[in-house]
Each structure stands twice: as structure tokens, then as C-alpha cells.
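# Summary of the model geometry
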Amino acid sequence: MCIRDSTTTGPAARSAAGPWLLGVRHHGPGSARAVLAALRAARPAAVLIEGPPEGDALLPLAADPRMRPPVALLAHAVDDPGRASFWPMAAFSPEWVAIRWALDHDVPVRFIDLPAAHSLALKEPAPEEPGEGPERAEHAQEEEVTPVVDPIRVLAETAGYDDPERWWEDVVEHRSPTGERDDGGMRLEGATPDDAVPDDAPGDALAPFVALAEAMSALREAYGDGGQPRDAVREAYMRIQLRTARKEFGDDVAVVCGAWHVPALAARTTLAADRSLLKGLPKVRTDLTWVPWTHRRLARRSGYGAGIDSPGWYGHLFEAADRPIERWMTKVAGLLRGEDRFVSTAHVIEAVRLAETLAALRGRPLAGLGETTDAVRAVMCEGSDVPLALVRDRLIVGESLGEVPDTAPAVPLQRDLTRSQRTLRLKPEASERELDLDLRKETDAARSRLLHRLRLLDVGWGDPVAGRGSTGTFRESWRLSWEPELHIRVAEAGVWGTTVLTAATAKAASQAVAATALADVTALAEHCLLAGLPDALPVVMKALADRAALDADVGHLADALPALARSLRYGDVRSTDTAALTEVAAGLAERICVGLPPACTGLDPDGAETLRGQVEEVHGAIGLLDTGAEPGTGLRERWDAVLHKLAARDAVAGVIRGRATRLLLDEGRLAEDEAARLMGLALSPGTPPADAAAWIEGFVGGASGGGMLLVHDERLLGLVDAWLTGVPADQFTDVLPLLRRTFSAYEPGVRRTLGELVRRGPVPEGARRNDAAPATGGFGPGLDRTRADAVEPVLRLLLGRPPEPAEAAV
């Protein structure tokens, strides 16, 4: 094995043959501390890192004070930005520690893995759940094939552990490089001087790597490439780079790579054999840069193959100078107190004691994540997993988002987006947050335009949500969350332009020309208004007029109209000229009014339900389009005539007739007596029960307040009750599912009130709510005028109305 003899110490060790091969676990704080100790002890002339060689020019940026991990090298194909790979690094990643040490000591540092130009050309579509092997999966996403061998798991099982993470913690993370518990803490950024490890003891610092290399050699002998034949190509390239470095710097070279590769790098092969493995590899043009990364993306559950379960916990182990368990419990207590949970100092002390006791009982050198989590659950969370889930999300995984300096290379679109984010004070954050915008304010309006433009470019930084405040058109609410993958989306969107505005404009115009469905074009017109893209609107409007003139399908027209109506409403708020949209929208509405009645006949249940929803959408759209029109001259009157036809025509599906009746009643365009008459006809004995149930679904179903309508109009409730009790037993089971769907949508209080009313029985003829005498057996006892007179003075006082003369006298 080409690693310095661990039994040689002092100056003699510096002249021993062979480079230092420091096999690590990616993102392992124990490996990071061991690498730091080895570099300080050996002081190599050059440091070689597993990573894409095209990133060598970016390495000096790691020393920039504005660079804050976690960060990642991003490589993408110039002609296909979606073909990309990340090489993430956290503050506790051994590679990051080695890079920072080399830069701080003016030691040459290079990447030696297979170039991204080849790895991206070889990259296959990534599976949804890449492998979880910490070494075999590697820390670049080009290796996203589920590994056959997980070395850490094999070694853990060999040692008698059923949990590989617990074995790794016991063997590496909870011990210092010299094998003792790390109470002194080896921190990279000046926390520990270079003489923390004596210069005359490099063998002690290298001992952990010798042991790990021997274990990996045994595994490679047993499992070969472990099911990853592409590793042979990567390792051949790394051996070539190692030979080149040794010619330039001699044997004083340190290599930091995945422990799995150490036996392959130490193997004796010929240069010709290695070059033959690389012959004929495909190649693409690539661009590389640094991008911010997140702790959440380092977690395995995020879908990153070489991730770790607990990056926040590992970061704490690396940063804690001493007493890591005590400091961790203090962090947990602070988090829970911030959530208004009572956690005292006594809780912290007891949790530390319990964690250490559990570690001793389980034979562990130090309390690990399992022990601390059990202690937190028992002491601070009172046995509940609900607050413990918050601890896992905020601390064990963590929400850290790295930072990259402006001097890092970036596509022009990314630079423009960064400038806009700073101008509008919209800082990208890894944690999810809600943003409420008042579009009457220029800054908020500009923020809205930016977010809508990014959505048009498929850069999903923000998603619109229903606002908690006003429902007016001048307010918007967004849910923002910045993910590292969005950098790839920005790179992909760069083909449309160099700024967010020009890129969104170009893409909107291209989509308008390519769109084949009318609804797609109307939705695009709405996006253009929301995003403030005046230069794209002429192209979109031409496409809209062309599609509208050729499309005769009423369903398509009904799908397209609501977006246009919303666009007109947005135009008032955003000061946009919408005259052309108004003309097209009015034409669509007229064509819908003409073609809708024939389209509502002869429908099956699914088609009727679809058209019912379209009728509702058109009803709301026409209400927006007809605002301010003179009575008798607007679309409203023509639309009301259409609804009357639908409500009265027997050939129309019951669910549509019921909904048309309800819409007219809600708008005050239908008298209650007429509504009761139509319901009586729909629920008459001659109507099949399934059709009658569909009419009820249309009239009182959904979230349109149908339940309250039945509560307050006992005539309608009586009709429904009488029909329901008259359904034959053999047909009742056929209509029951539809009825359950209809009434299950009501609020529990509404259902309870309806049940109480029905239990009282029907209202006798002539006994109505205004009758002075109480009705017998009806829905209620009628109006109690004595009680009403007692309440009336209070209501007048609340409403500011003067009392009646008789009340004043009293």
C-alpha cells in the first residue's frame, strides 16, 4: 500500500517512500479532524482532492471570507444545462478541511477525479432514490446508481453492530485522531494552532488511515468493484494525476479521497494500462462554479446519494471545542424555549446525565445521537415525538444555507437574479417562509413581478398561496424556499436571455407560438400580466385571437375565459393596458352563451360534473367582465338568460340544472318561490332517484353554502326531506354515495343543525316562521314575538338606531 509507514516517526517518516493516501468518509467530522491532524503532522508539498479537475481554478475562492459552507461545486454541460452534477462540501467535510488547510499554508491543491466533461457525458438519468452507501455512492451525483456494497455497513456488521451509523460514530466520530476522546477540539478556522499535533509524530496521525485502508483492501479483495464498474475508470484517472503530482512535487503528496478508492490508488499499475481505460470516453463542454448548499440537502432523505442522516449533529460535533453533549443539550433547550416550551437548566443537566448513562450502559465511548435523542425525548419532550420532530428538523438535520462570493463564476442570468434579489431585499433562504405583498407598494409589486417571471422560467423559488388577509386583487401571498437545484434551473433558463425580464419575455413568446390549446394561451396571457411582460403580450394576444377564432369547443372556451377575466382584474392593479384582452374576453363570453345550452345535453355523469365546474367558473368570470356595465346592456343579462334555460330544460343533466338554479338564486335573479317550484319538479315522484340526487348535488353541494341555505329555508329542506324519505329501498343504495358526498362537505355545525331540524318533523301547511302561534310538529315553534320584542332594543342600540317611542317611554 502506497502510504507512509505508520510505525516510523520523527524526521525519518518524512523521507519514507510513497504518498499519504488519506481515505475518508465524505461529510464525516471525525474524518475531517483526522485529515487536519494528518496534514499538520505531515506538512505535504501538495494536496490532491477527489473532485473534478476543471474546478482547480475555483479553489482559491474557498479562502474568500465571504465563502461560507455548506457549498457545492456545480458542473453543468454548456449545451444541456440540465445535465449537471454537484460536489457538496460542509464545514465538517474532509475535502473542505484539506482545501482550507492547503490555501492557508500556500500549499498547491488540485482536484484529481475524472473530469466533469467525461462524467457528465457518461451520466445517466438519476433515479428518484439514489443509493445510500456513504463511500460507494460517492459525493458527486454522477455516481447515482444504487451500490451493491456499502462498506460502512459491512464493517459495522463485521464488528457486531446492527447500525452502521452507530459503529461509525463509536470508531471515528467520538474519538480524536490519536484514538482518545476529543476534549481539545481540532477546529479548522484558527481554533487550534498547528502544533496541536506534534511534528515528530506523523505516524500517530496517520494510524487511523492505515487501519481504514487495510479494512478497505480486504473489502476490495472480497467484493471487487462492489458493483460499480465505472469506478475503474475514475481510479485510473486518479492514478495518472497522482503520478503527475509525484513527478512535480516528489513523494510529499497527500491524497484525500473516499476510503473505498485507497486500495485502487495504492495498486501498482502501468501508465499505459490506465490510459487504455480512459480511451474513447465521451466528452461535453462544461462550466463550473460554486453554489450555496444546505444541510437539508446533505441529508439522505433529500435524495442525495452520499448524504448523511444528521448533518446538523455532525456539524455540531465538528465545531464543539469541548463538552459536545452539554453544548448540544443547551442548543436543544434554546430551540424548545423559543417554541414556548418550559425547559429549565435542571432539564438540561438531567438530559446530559441520562445521555451519558445510556452511553455507558450501551458500551459506547461517548453519548451519540441515539442517546442524546432518547434523553431529549424523555426529559425535555415528556415522552412526546411531536417536539422531538422539531428538534430533528431544526437541529439534527439543520437549516443552514451557505454563501458564495460575487466573484464566483455565474451565468449572466444568475448575476441579474442576484442583483434583483439584493435590490428588492429578497434574500434566498433554505427554510420555508411566507411572504405577503401589497401590490400598491412599488417594492412589493416589483417582488411580485420577479417571482412570477421566475415561475414562467420554471425557477420555482416561490409558490403562490391563499393569503390570510384581504382577498382583494392588491394582495398576494407567496411561500418561498430556495433549493440548490434552482441554480441548475437558472442555468437552463439562461438560453432565453441574460436578464430575468428578457428571458421571461422570450420564453413567453415562444410558448405562445407553440401552444395548441386555447386555455394554455389564456393562462400564458395571465402570466404575462402578472409578470409584467409588455413586450410578450402582442405575440400572446395574436396567438390568443387565432386560437379563439378556430376553437369551437364550448368546454375549451369555458376553460379559457376565467384566466382572461382574472387578467383584466390584475390590469387595474398593475396599471397594465388590457383593452385587447377585454375585446377577446367579451367575444369568448358571447360564444359561450350561444353554445353552452346545447353542450349541456346528453352528458354522462363524468362529463356533466366537468361541465358543472366550467359553468361555475364562467359565472364568476362574467361577473368580473360585466362590472360597471349598464343594466340591460352587459353580459350579465345574457348569461342570466342562459342559466334560466339550463335550470328549466329537462334534457340538461341534473347536476347542471341544480347548479344553474342555485347560481340564479344566490344572485337574486330567481325568486324563492320559483326555486322551490324547480326543486319540486326535480324531486317529483316521476324523476329517477339518481337524477334527483344529482340535482340536489348541483343545488346544495360543494362549498357554496348549500347547508346554510337549507337551514334557513325550511321549505327547501322540507322538499329534500320529503323526497329522501320517499326513495324506494331498492334504489336508496344507488343514490347514497352521491348524497353522502353532497352532505359530508358541510361543516359539522351545519350538519348537526340540519339533523335537529329534520328530527322535529315537517312544517304543517300554514304554519310558517312568521306565524304568531307556535306550530305543532314543525321545524320550529314559529316566531316568539315576546322574546323578539325583548331583543329589539338591544339591536337598535348596537346599530345606532333611535328607539321606538314606546321603548323610550319605558
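Residues numbered from 1 in each chain as written. Predicted model: local features only at pLDDT ≥ 70, side-chain atom pairs only at ≥ 80, totals over all residues. Heavy atoms only, no water.

### A word on empty space enclosed by the protein
Counted according to the given criterion, the structure contains two cavities of 30 Å³ or more. If you go around the second largest cavity, the residues you meet are Leu413, Leu417, Leu454, Leu457, Val459, Val490, Ala493 and Val500. At the level of secondary structure, the elements contributing two or more residues to the lining of the second largest cavity comprise helix H16 (412–423) and helix H18 (486–493). (1 Å grid on protein atoms, 1.4 Å probe; cavity = no way out; pocket = protein on both sides within 12 Å on 5 of 7 lines; lining within 4 Å. Points joined across faces, edges and corners; volume = space filled by probe spheres on them. Helix = DSSP H or I, 4+ residues; strand = E, 2+ residues; numbered from the N terminus.)

### Description of the nonpolar core
Residues Leu561, Leu596, Trp639 and Leu646 are the most contacted members of the largest nonpolar core, which totals 106 residues. The leading source of residues in this core is helix H22 (residues 554–574), at eight residues. Apart from the residues lying within four places of it in its own chain, the contact partners of leucine 596 are Val554, Leu611, Val615, Trp639, Val642 and Leu646. Judged by nonpolar contacts, the second largest core, of 93 residues, contains Ala75, Trp101, Phe209 and Leu335. (Core = buried A, V, L, I, M, F, W, Y, C linked by side-chain atoms within 4.5 Å. Buried < 20%, exposed > 50% of the residue type's maximum accessible area, 1.4 Å probe, protein only. Contact = heavy atoms within 4.5 Å.)

### So, the packing of aromatic side chains
Each aromatic ring pair is characterised by the separation of its centres together with the angle its planes make. What the rule picks out here adds up to six aromatic pairs. With 6.1 Å between their ring centres and 90° between their planes, tryptophan 96 and tryptophan 290 make a pair best called edge-to-face. Of the two residues, tryptophan 96 is situated in helix H2 (residues 94–104) and tryptophan 290 in strand S7 (residues 286–292); the sequence distance between them amounts to 194 residues. Both residues of the pair, tryptophan 96 and tryptophan 290, belong to the buried class. Ring plane angle 15° and centroid distance 5.0 Å describe the contact between tryptophan 695 and phenylalanine 699, whose orientation is recorded as stacked. With tryptophan 695 and phenylalanine 699 both in helix H28 (residues 689–700) and four residues apart, this pair spans about one turn of that helix. Across this residue pair, the class does not change: tryptophan 695 and phenylalanine 699 are buried. (Phe/Tyr/Trp six-rings, centres within 6.5 Å; stacked < 30°, edge-to-face > 60°.)

### Structural notes on the pattern of salt bridges
Tallied over the full model, the rule gives 44 salt bridges. For glutamate 371, the salt bridge is made with arginine 362, and the minimal N-O distance between the two is 2.9 Å. Here glutamate 371 falls in the buried class, since its relative accessible area comes to 1%. The partner of aspartate 546 in a salt bridge is lysine 542, and the shortest N-O contact between them spans 3.3 Å. Here aspartate 546 and its partner lysine 542 are both found in helix H21 (residues 537–550), four residues apart, which amounts to about one turn of the helix. What makes aspartate 546 partly exposed here is its relative accessible area of 35%. Overall, the relative accessible area of 56% leaves lysine 542 in the exposed class. Connected through salt bridges with shared partners, the residues Arg362, Arg364, Glu371, Asp374, Arg377 and Asp385 form a single ionic network. (Salt bridge = Lys/Arg side-chain N within 4 Å of Asp/Glu carboxyl O.)

### Observations concerning the packing of helix H17 (residues 442–456) against helix H19 (residues 500–514)
Two elements in contact, H17 and H19, have axes whose closest approach is 9 Å; the angle formed by their N-to-C orientations is 45°. Here H17 lies oblique to H19, going by the angle between them. Judged by the twist between their axes, the crossing of H17 over H19 is left-handed. Residues Leu450, Arg453, Leu454 and Leu456 of H17 pack against Val500, Leu501, Ala504, Lys507, Ala508 and Gln511 of H19. The residue inventory of the contact of H17 with H19, partitioned by class, reads seven nonpolar, one polar and two charged. (Axes fitted to C-alpha atoms, helices over the stretch in contact; angles between N-to-C directions. Parallel < 35°, antiparallel > 145°, perpendicular 65-115°, else oblique. Left-handed = near helix turned anticlockwise from the far one by under 90°. Nonpolar A, V, L, I, M, F, W, Y, C, P; charged D, E, K, R; others polar.)

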